[in-house]
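Coordinate inspection notes
Given next are the chains, with one letter for each unit.
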Amino acid sequence: MAATEQEAERLDVAPGDPLLELAQVGFFDDGAPFEYSVSRNVGTRYELKDVNVL
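In what follows, the accompanying structure is described. (Residues numbered from 1 in each chain as written. Predicted model: local features only at pLDDT ≥ 70, side-chain atom pairs only at ≥ 80, totals over all residues. Heavy atoms only, no water.)

**Here's the deal with the packing of aromatic side chains**
In the structure shown here, the tally under the stated rule is 1 aromatic pair. Arranged with centres 4.6 Å apart and planes meeting at 35°, the rings of Phe28 and Phe34 form a pair that is tilted. A relative accessible area of 46% means that Phe34 is categorised as partly exposed. (Phe/Tyr/Trp six-rings, centres within 6.5 Å; stacked < 30°, edge-to-face > 60°. Buried < 20%, exposed > 50% of the residue type's maximum accessible area, 1.4 Å probe, protein only.)

Pasting the structure below:
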């Protein structure tokens, strides 16, 4: 995903620079979804870790 003018200003990158877009769903213990979020991140300033809680 390319940075828009507004995203570029907020993230201190150039417009059109690539961004890492992540979508996630949060679930309650019973499996019901309670949250959906989408974030856009500067790949060189982002570290992705997978955490599973059982």
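**Examining the nonpolar core**
Ranked by size, the top nonpolar core spans 5 residues in total: Ala3, Ala8, Val13, Leu19 and Val42. Those residues in contact with Val13 that lie beyond four places of it in its chain are Ala3, Ala8, Val42 and Arg45. (Core = buried A, V, L, I, M, F, W, Y, C linked by side-chain atoms within 4.5 Å. Contact = heavy atoms within 4.5 Å.)

**Structural notes on unusual backbone geometry**
The phi dihedral of Asp12 is positive, around 60°, even though this residue is not glycine. With respect to the secondary-structure elements, Asp12 resides in the loop between helix H1 (5–11) and strand E1 (20–27). (Helix = DSSP H or I, 4+ residues; strand = E, 2+ residues; numbered from the N terminus.)

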